[in-house]
Amino acid sequence: MAFGNSADVMASKTDGATPIGGRDAATEAVISARNLDLTFQTNDGPIHALKDVNLDINKGEFVSFIGPSGCGKTTFLRVMADLEQPTGGTVTVNGVSPQEARRSRAYGYVFQAAGLYPWRTIGGNIRLPLEIMGISKAEQAERVARVLELVELAGFEKKFPWQLSGGMQQRASIARALSFDADILLMDEPFGALDEIVRDHLNEQLLKLWARTRKTVAFVTHSIPEAVYLSTKIVVMSPRPGRITDVIDSPLPHDRPLEIRETPEFLEVAHRVREGLRAGHADV
Ligand SMILES: Nc1ncnc2c1ncn2[C@@H]1O[C@H](COP(=O)(O)OP(=O)(O)OP(=O)(O)O)[C@@H](O)[C@H]1O
């Protein structure tokens, strides 16, 4: 995915957000889908990608979407980001339409590929959308330093993308999405192309980052362990047309060392996710 597209949707907070742990923090829905339907018209006929999807994502939640290939996970995220238009139902983001949310820069978007410009330094890549937004040089510098520190890449500002490993590049792309200071982070399989050990490390880092920033995260993945490890809520989707077949509120504590993946509680949630995926397949 070209960076030009991602720059368009990466964004910044503009409203006075409820403080973390504030009165409404646990119940305020920042993303709501009601009877959402999306059919693509193609030369080969209509493709029914999403069917009757209903979901609330509350402030500060980490919500993963898991389901078989082609079940509409990316499409759902793209609807939230105003990159696709539903053919039925509604979606609100921060109480307004996705289009208004995009204009008010309500979210950052992290794509599967890091999508960094090779001729710009890491700092230059993060700064680019801020430059386009007309943010002052002093504030650009402050934001770049802050987000690089958040993803543990302090000191790499002057490096070029090719000087970083794949995992570091993906962290840089997360830093770029964070630089807008948006309350919502939409992440489409950001670690899908990385090997398992790197992925484990990035999962740990992402959880720490989430704990520090308390963003609301919508995260697409194919990996059951990744979904269970990261999420406060796991949304299981069926094969096309994508429907939600299960929504699991995680009983796991917020503090999650990687070893938690060996505990009976973790395995129980993973089992439920797997059963949900199986049941979806049985429906076809
Ligand atoms: N722009 C488009 N035009 C036509 N069909 C599309 C378009 N975008 C997606 N689709 C189709 O809609 C369905 C859902 O696609 P989507 O990419 O959302 O699935 P996914 O669950 O994210 O898949 P994966 O896990 O493989 O990334 C697929 O059948 C896909 O081919």
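Conventions adopted
- Residues numbered from 1 in each chain as written.
- Predicted model: local features only at pLDDT ≥ 70, side-chain atom pairs only at ≥ 80, totals over all residues.
- Pairing = 2+ DSSP bridges.
- Helix = DSSP H or I, 4+ residues; strand = E, 2+ residues; numbered from the N terminus.
- UniProt positions renumbered as here; feature names shortened; annotations may be inferred.

### So, the pairing of strand β9 (residues 244-249)
Taken together, the five bridges between strand β8 (residues 233-237) and β9 define a ladder with antiparallel strand orientation. Counted as the bridge partner of Val 235 is Val 247 from β9. What sits between β8 and β9 in their antiparallel hairpin is a turn of six residues.

### Some details on the UniProt feature "domain: ABC transporter" (unreviewed entry) in the protein
When the UniProt feature table is mapped onto this chain numbering, "domain: ABC transporter" (unreviewed entry) sits at residues 33-260. In residues 33-260, the share of helix is 34% and the share of strand is 27%. The end C-alpha atoms are 32 Å apart.

### A look at unusual backbone geometry
Pro 241 follows Arg 240 through a cis peptide bond whose omega is -5°. Within the secondary structure, Pro 241 is located in the loop between β8 and β9. Within the chain, Asn 35 stands out as a residue other than glycine whose phi angle is a positive 50°. One can find Asn 35 in strand β1 (residues 29-42). In this structure, Arg 214 is a non-glycine residue whose phi angle is positive, near 55°. When you line up the elements, Arg 214 lands in the loop between α7 (196-213) and β7 (216-221).

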